[in-house]
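Chain by chain, the residues run as shown.
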Amino acid sequence: MSRGGSSRLNSRSAVWIVTFVAILMNVIDADAYNCHEVRTAFQVLQVGPLSRVPETPGTDVDLLICKHKGPSCCTRKTEESYQVAVKRETLQNVQSYSSELKHLFSTHAHAFQDMFRSLLSFSQGHLSSLLEDTYSSLFHHAQPHVHQLFSSLSQYLSGANISVETTVHNFFNSIFPLVYEKLINPDMEGSLMEGSVISDCLRTTRKEVNPFGYHPALMAQELAGALGAGRQLSLALKEGLKAINATEDAGLTKDCEKNLVKMMYCSHCRGLTLFKPCMGYCLNVMRGCLASLSELDQPWRRYISLLEQLTLAVAGHHSLELALLGVRGHINEALLYARLHSPIITTMVDKVCGLSTEEPTGMLPSTSPEVTTPSVTSASSAAPTQFTSEQELKQFSHLRSPLPLKPSKNNKHNLKTFSREFLLHLQPLKSFFMILPDLLCKGDTAVEDSTCWTGQNVKESYESRVVGTGLNAQRQNPEFKVRSMAPRLEEVKKRLDLFNQETLERFPQLEEIEDWEGFGSGKEEGSTMDCDDEDGCQSSGDGQERKSHGGVSIDSKSTGRQPEGDSSKENPSKPPPVRVIGGSPSASWLQPCSLALLFAGLGLQWMLL
């Protein structure tokens, strides 16, 4: 009996021992899965209200994303907070990269416009000095028309839908009554009132009378060719900003957000707050989420290439500066032409507008006469009269440090040097949309050579296949599938493609433009070398170089003809062209002098700041 009692006692003791051990294991297990670390991470990362994380893990939690057989520190409310937070974090990371791109574009768009306005202002002052010193009788009356001419050209360079040819011809139409009264028939001064029938007749019949020869047409053609590339550059920068702004939401879908939660926070639900996602896993998720953005890669690369070529076309051989400096010469030649052909012009005006004027004492011969006139290129006449106001000098303050560029140590503030610095920062941006998913996995986001989170468990490495970028590659993505491009980003892609196509149609020879010598070598940025030929301190070549870069014309298709047919060659009865000796310098040596004057003026303004 004693032996049987002892057997029953040992059996009961064994049952109690097993029960105690089981209870102890449950206590230890519950302590191992407490949610203290999860709550701490939730609070530090500012995911949401701390009340959404339970203090102890639950066992039968019905989760939608972070499903797990076992205790979990997450609830449906926790998942919702994680989903909001991960979307916010991802968009902030995307915008942190795109904001640098946007800043580069917006800063340089404003800086280019400041540079254009400065060049226009300098050219306007150059022309005003000519009128004041050489054609003083015209100066005050012509100033409103001069201002209107350069104001319209400024709007055109900003992207306004304005015709350069029409602007130039309107200018010559407007000054013809003044020229007729002040230069051709000074005895009539005061008889032609503004808005009178005769004045209106002179304006409307200027093309038929052709008092300025072929100079208006030539000036219009040269300006349209040089300013056309500048205008397209302004439009390109605006188009780039639109594309960047439209991509800041990244086109994240609900499926993407769930996968981001799974990658970044589902490990927290198990208490594994210290393990980061595997690099391969992160790449698959990010490349899937940003597949629509990656589809912009090809049109964006093409756009950046066109932006580079437009910049080279504008600044390559100082074509914009030379075209604007040439305005003074063209108008001077046009006024000389009108003065030298005054007898014929008077006769034609009398027939067309019915003016009672004396018959001309003689007719000019059919050949081009040679007339000697005083030179008007003295230092005093070349100095601008409008360009040194404080308000205009402030325009250059924007060019001191166009962030994120560093200011050049040379302080050579000409269009070519500024464009070169812009291109140096533009080159790495071609692959922006292709490498953006990879950028988001760099830093502390994911790890590559250590124990990491795979979306299901913690392992030594990610074993699934890592796919490439773009929609087609996502068909093999083991994490989730992407079936179509986000509608908004698809619209951005179409708009970029359309802009690229229209640019090439208008400037078909852009692709033939080559880099200037030494570009990309890294020697120019921060260089302390002396001023060289490329930066405009010496001769920039003959007149042919003004309209081409590397031997390739940059004129758009719309400027390859004589605008509006304003040429004396079309009508043999009109006055023949005149060759002036000493009236104005030849283009072969006027351009270097004009460029030197331009850069001296810009440098003076910089020193006065």
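For the structure itself, consult the block above.
Residues numbered from 1 in each chain as written. Predicted model: local features only at pLDDT ≥ 70, side-chain atom pairs only at ≥ 80, totals over all residues. Heavy atoms only, no water.

1. Notes on the packing of helix H3 (residues 76-134) against helix H9 (residues 254-264)
Piece 1. It is at 9 Å that the axes of H3 and H9 come closest, and there the two elements cross at 100 degrees. With respect to H9, the axis of H3 lies roughly perpendicular. Counting all contacts with H3, which are made through Tyr 82, Gln 83, Val 86, Lys 87 and Thr 90, the residues of H9 involved are Lys 254, Glu 257, Lys 258, Leu 260, Val 261 and Met 264.
Piece 2. A class-by-class count of the residues in the contact of H3 with H9 yields 5 nonpolar, 2 polar and 4 charged. (Axes fitted to C-alpha atoms, helices over the stretch in contact; angles between N-to-C directions. Helix = DSSP H or I, 4+ residues; strand = E, 2+ residues; numbered from the N terminus. Parallel < 35°, antiparallel > 145°, perpendicular 65-115°, else oblique. Contact = heavy atoms within 4.5 Å. Nonpolar A, V, L, I, M, F, W, Y, C, P; charged D, E, K, R; others polar.)

2. Let's talk about the pattern of salt bridges
As a working rule, side chains carrying opposite charge can pair if their charged atoms are close by.
Piece 1. The full count for this structure, using the stated rule, is 10 salt bridges.
Piece 2. The partner of Arg 495 in a salt bridge is Glu 239, and the shortest N-O contact between them spans 3.0 Å. Of the two residues, Arg 495 sits in helix H20 (residues 487-506) while Glu 239 sits in helix H8 (residues 215-246), which places them 256 residues apart along the sequence.
Piece 3. Among the salt bridges present, the one from Lys 254 reaches Glu 257, with a minimum N-O distance of 3.9 Å. In this pair, Lys 254 and Glu 257 are both assigned in helix H9, 3 residues apart and thus about one turn of the helix distant.
Piece 4. Each of Lys 87, Lys 254 and Glu 257 takes part in one network of salt bridges that share partners. (Salt bridge = Lys/Arg side-chain N within 4 Å of Asp/Glu carboxyl O.)

3. Focus: H9
Piece 1. Every buried residue of H9 is accounted for by Cys 256, Glu 257, Asn 259, Leu 260, Val 261 and Met 263.
Piece 2. Close packing links the buried residues of H9 with H3, helix H10 (266-269), helix H11 (279-289) and strand S2 (452-453). (Buried < 20%, exposed > 50% of the residue type's maximum accessible area, 1.4 Å probe, protein only.)

4. Thoughts on the environment of Gln 92
Piece 1. Turning to its location among the elements, Gln 92 is positioned in helix H3.
Piece 2. Residue Gln 92 is classed as partly exposed on the basis of its relative accessible area of 47%.

5. A closer look at the state of the cysteines
Piece 1. Tallying each qualifying case throughout the model produces 7 disulfides.
Piece 2. The partner cysteine of Cys 201 in its disulfide is Cys 353, sulfur to sulfur 1.9 Å. Where Cys 201 bonds to Cys 353 through sulfur, the torsion about that S-S bond is close to -90 degrees, and the disulfide is left-handed. Taken as a pair, Cys 201 in helix H6 (residues 197-204) and Cys 353 in helix H15 (residues 342-353) lie far apart in primary sequence, 152 residues in all.
Piece 3. Here Cys 278 is linked by a disulfide to Cys 452, with a sulfur-sulfur distance of 1.9 Å. Across the disulfide from Cys 278 to Cys 452, rotation about the S-S bond amounts to roughly 90 degrees, and the bridge is consequently right-handed. Linking Cys 278 in the loop between H10 and H11 with Cys 452 in strand S2, this pair joins segments that are 174 residues apart in sequence. (Disulfide = S-S within 2.5 Å.)

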